[in-house]
Amino acid sequence: MPSSSSTSTTSHSWASFLLLIRSSPSPIPVHAHLLKLGLLPHPHLRNALLHSHAQLGLLHLARRLFDELSHWALPDSNSLLSAYFKWGHLREARALFDATPRRNVVTWTTMVTGYARIGDLESARRCFDAMPDRTVVSWNAMLSGYSQNGFEDEALRLFHEMVGAGFQPNETTWVTVISSCAARGDPSLADSLAALLHQVRGIDFNCFLKTALLDMYAKCGRLAAARRIFDDLAPHNNTVAWNAMVSAFMRSGDLASARELFDRMLNKDVVSWNSMIAGYAQNGQSAFAVRLFKDMVTLTGEHPKPDEVTMASVFSACGHLGTLEIGKWAVAFLEKNQIRLGTSGYNSLIFMYSKCGSIEDAQRIFQEMQRKDVVSYNTLISGLAAHGRGREALEVMSKMKEEGIDPDRVTYVSILTACSHGGLLQEGRRLFETIKAPSNDHYACMVDLLGRAGELEEAKRLIQIIPMKPHAGVYGSLLNACRIHRRTDLAEMAAYGLFEIEPNNSGNYVLLSNIYAQAGRWEDVDKVRQMMRRRGVKKATGWSWVEHKGEVHKFLAGDRSHERCSEIYHLLANLRRRMQRAGYVAEGSCVLRDVVEEDREEMVVVHSEKLAVCFALIVSEAGEAIRVMKNMRVCWDCHTAIKTISKLEGREIIVRDNNRFHHFLEGQCSCKDYW
DNA sequence: GTGCTTAATC
């Protein structure tokens, strides 16, 4: 067996082989070459080869080298150990660690890192605590474990412990601590950390450190400070710094500056695209998000491949838009390109399907997921709530508890909404009692539930005992309940509470005015209208749209601009005659009035959703469900009309208003709470 | 001679 201390020429060739092993993309040819030259027994070369195999995931080869080596030399168990973690072989890693007689600080640190990478911080910490001795790298490993798994507070606490134990933080330590601080988003913490950093001597402000600082300032709202560091780093063509700056602009809502920077970037990587697409989606610009995604995959040139993060943003954008066709296209893209989704990717798929009216697809995705988190449950529950499926939402919630996942505040908002839309008063009451410290949102949901169920006195009493200042949602729920149950007296109280909080929300005024109109109090209707004029509040116009063959067809109330306008109105008139003949139409409703001759004084403009439904009836295939999106409330008249149309045409019609769905089939509607 | 730790997007 050759030893490492032989002649200088031999050691020179070992060194060059080492370089070769480390630089070649695949270790296999080098392995074969060394075998032929008879150099394989050399322990250093073997260990290097072992390392290459292990890092590339060729674990059987690495293991063979390891086993052969352990007969006569000390093999590098650490390389194999870290590879077992990297490729998800937890049991093998543990067994190797237990079988390793001479564990050094690197062995222990590898264990800490391995457990932290898979998110098992308890085991990581157990290893860290059990370490016979530590280096700064060991501390960094534990710190980054906390930081990257969202335990920023733990990371900062450990940092203090580290300094207290007399360890000198190095640049890596600082980068990790700064990124924990960035995640906290606390500007004063950021400032004190920066001050501390600048006091320390001998710190090399390297690229990592500067970029981490940039990101911290950006996430804490110190955009000017971030910009200064960026201007210092930008000429070095540091893609990470550019990306951090793009997302900083996006976070602050400055979409134009983000776009300008993005367009100027020379080396866009997948994160650059993701930052832009996610930024558009989060700033309510879902159409821009989708368009940019299309650019990413269709424009010629060197575009990076979309990944899970890209797809999650695109699904979310499709959900907000309600564009099922584009959503399905994105799913097809995902499958064709074999992009694998993790939990959050699947969560955004659940969101997309339920927001696009395909709650069954949302349920299917949910069932297919192997790992579900609290967001998965919340997304499905709130989807079921929007679709009026209260019972199923309750089932999902009990399954969640069986699986040992604790409901959070969002879960309770969703489940109370589900009870409310599903007319489940008792269940909702019981659940509300189990909320530890209900927030304004929870009270708003409860007022909504009681109010829809007709328990207005109880709702009023609940508002009086809210331990904080009620927000607009609380009064809004009460006001809406007053409309449903025609309680004009209570409505005034709720409305004036609401006008104080949101003086510019036209919806509140319209609601009150409609309540007066229901009661025939026309002078009060006029008073509300005058108040709106005086305060300069403008009524928002509602519009509806239908997606057909990749295009969005948009309709305003009384719209005559669509190219197939005459067909649409023709169908509408036809339907109206059939409705009358079948006796489905309530006397005096605008179902009757809105298609009348234009010279009638009381003419009501045709609702946008009826135009959209008629258009969809004309263009869609027989048997296909019709999906209409509406950006305002579907009113009572329209609801009745669409119910009737679903019966006359024998079609399923799904209408999404702001955040809920009405499934019409056979003259029935899925919602059980009002109408 | 080598293994362990660091910044950006959902």
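Residues numbered from 1 in each chain as written. Chains lettered and ligands numbered in written order. Predicted model: local features only at pLDDT ≥ 70, side-chain atom pairs only at ≥ 80, totals over all residues. Heavy atoms only, no water.

(A) The arrangement of the packing of aromatic side chains in detail. Under the criterion given, the structure shown has 16 aromatic pairs. For the pair Phe159 and Trp174, a centre-to-centre distance of 5.4 Å together with 65° between the ring planes defines the contact as edge-to-face. With Phe159 in helix H10 (residues 152–164) and Trp174 in helix H11 (residues 171–184), this residue pair connects regions lying 15 residues apart in the sequence. Here Trp174 falls in the buried class, since its relative accessible area comes to 2%. Centre to centre, the rings of Tyr280 and Phe288 are 5.3 Å apart; their planes meet at 25°, and the pair counts as stacked. (Phe/Tyr/Trp six-rings, centres within 6.5 Å; stacked < 30°, edge-to-face > 60°. Helix = DSSP H or I, 4+ residues; strand = E, 2+ residues; numbered from the N terminus. Buried < 20%, exposed > 50% of the residue type's maximum accessible area, 1.4 Å probe, protein only.)

(B) Main features of the UniProt feature "repeat: PPR" (unreviewed entry) in chain A. Taken from the UniProt record, the annotation "repeat: PPR" (unreviewed entry) applies to residues 104–134, 135–169, 238–272, 342–372, 373–407 and 505–539. Between the end C-alpha atoms of residues 135–169 there is a gap of 10 Å, over a span that is 74% helix and 0% strand. Across residues 238–272 one finds 74% helix and 0% strand; the C-alpha atoms that close the span lie 12 Å apart. (UniProt positions renumbered as here; feature names shortened; annotations may be inferred.)

(C) Region of interest: the sheet that holds strand S1 (residues 543–548). The mixed open sheet is built from six strands, whose spatial order is S2-S1-S3-S4-S5-S6. With one partner strand each, in any of the chains shown, strand S2 (551–556) and strand S6 (668–669) form the two edges of the open sheet. Of the pairings in the sheet, the one linking S1 to S2 comprises six bridges and is antiparallel in character. Note that in S2 the partner of His548 across the bridge is Glu551. (Pairing = 2+ DSSP bridges.)

(D) Highlighting the environment of Arg201. Tracing the sequence through the fold places Arg201 in the loop between helix H12 (187–199) and helix H13 (207–219). Once the C-alpha coordinates of Arg201 and Asp559 are considered, the two residues, 358 residues apart in sequence, prove to be 70 Å apart.

(E) Just the nonpolar core, in detail. Judged by nonpolar contacts, the single largest core of 173 residues is most densely connected at Leu34, Ile178, Leu214, Met216, Met311, Phe315 and Leu478. Top contributing element to this core by residue count: helix H15 (residues 239–251), with eight residues. When sequence neighbours within four positions are dropped, the list of residues in contact with Met311 reads Phe293, Pro306, Ala330, Phe333, Leu334, Ile339 and Leu341. Counting 29 residues, the second largest nonpolar core, distinct from the first, contains Leu571, Ala612, Val634 and Val655. (Core = buried A, V, L, I, M, F, W, Y, C linked by side-chain atoms within 4.5 Å. Contact = heavy atoms within 4.5 Å.)

(F) Expanded view of the protein's contact with DNA strand B. As a structural note, the neighbourhood of DNA strand B is formed by 39 residues, with Arg22, Asn104, Asn140, Asn243 and Asn274 the closest of them. With respect to DNA strand B, the side chain of Ser144 contributes an N or O atom lying 3.2 Å from a phosphate oxygen. For DNA strand B, a base nitrogen lies 3.3 Å from a polar atom in the side chain of Asp269. (Near = heavy atom within 4 Å. Polar contact = N/O pair within 3.5 Å; in protein donor to acceptor, adjacent residues only side chain to side chain.)

(G) Representation of the side chain of His553. Looking at the element boundaries, His553 is found in strand S2. For His553, a relative accessible area of 12% translates into the label buried. A polar contact is formed between the side chain of His553 and the side chain of His562, at a distance of 3.0 Å. The residues touching His553, leaving out its near neighbours within four places in the chain, are Ser544, Trp545, Val546, His548, His562 and Phe615.

(H) Focus on the pattern of salt bridges. Applying the stated criterion across every chain yields a total of 27 salt bridges. Notably, a salt bridge pairs Asp191 with Arg222, separated by 2.6 Å at the nearest N-O pair. Of this pair, Asp191 sits in helix H12 while Arg222 sits in the loop between H13 and helix H14 (223–233); the two residues are 31 residues apart in sequence, bridging distant segments of the chain. Take Arg222: its relative accessible area is 32%, and that puts it in the partly exposed class. (Salt bridge = Lys/Arg side-chain N within 4 Å of Asp/Glu carboxyl O.)

(I) Region of interest: the pairing of strand S5 (residues 661–665). Most of S5 sits inside the fold, with four of its five residues counted as buried. Taken together, the four bridges between strand S4 (residues 653–656) and S5 define a ladder with antiparallel strand orientation. The partner of Arg656 across the bridge, within S5, is Phe661. In this structure, the hairpin formed by S4 and S5 is closed by a connection of four residues.

(J) A look at unusual backbone geometry. The phi angle at Gln338 is positive, at roughly 50°, despite the residue not being glycine. Classification of Gln338 as exposed rests on a relative accessible area of 69%. With a phi angle near 50°, Arg486 is a residue other than glycine that sits in the positive phi range.

(K) Representation of helix H31 (residues 506–518) within the structure. Taking 1.5 Å of rise per residue, the 13 residues of H31 would be expected to cover 18 Å, and the 18 Å separating its terminal C-alpha atoms lies within 8% of that figure. Residues of H31 that are buried: Ser506, Asn508, Tyr509, Val510, Leu511, Leu512, Ser513, Ile515 and Tyr516. Taken together, the buried residues of H31 touch helix H29 (472–485), helix H30 (488–501) and helix H32 (522–535). For H31, the capping residue at the N-terminal end is Asn505, with a side-chain oxygen 2.9 Å from the backbone nitrogen of Gly507. Looking at the residues trailing H31, positive phi occurs at Gly520, about 75°. (Expected span 1.5 Å × (residues − 1).)

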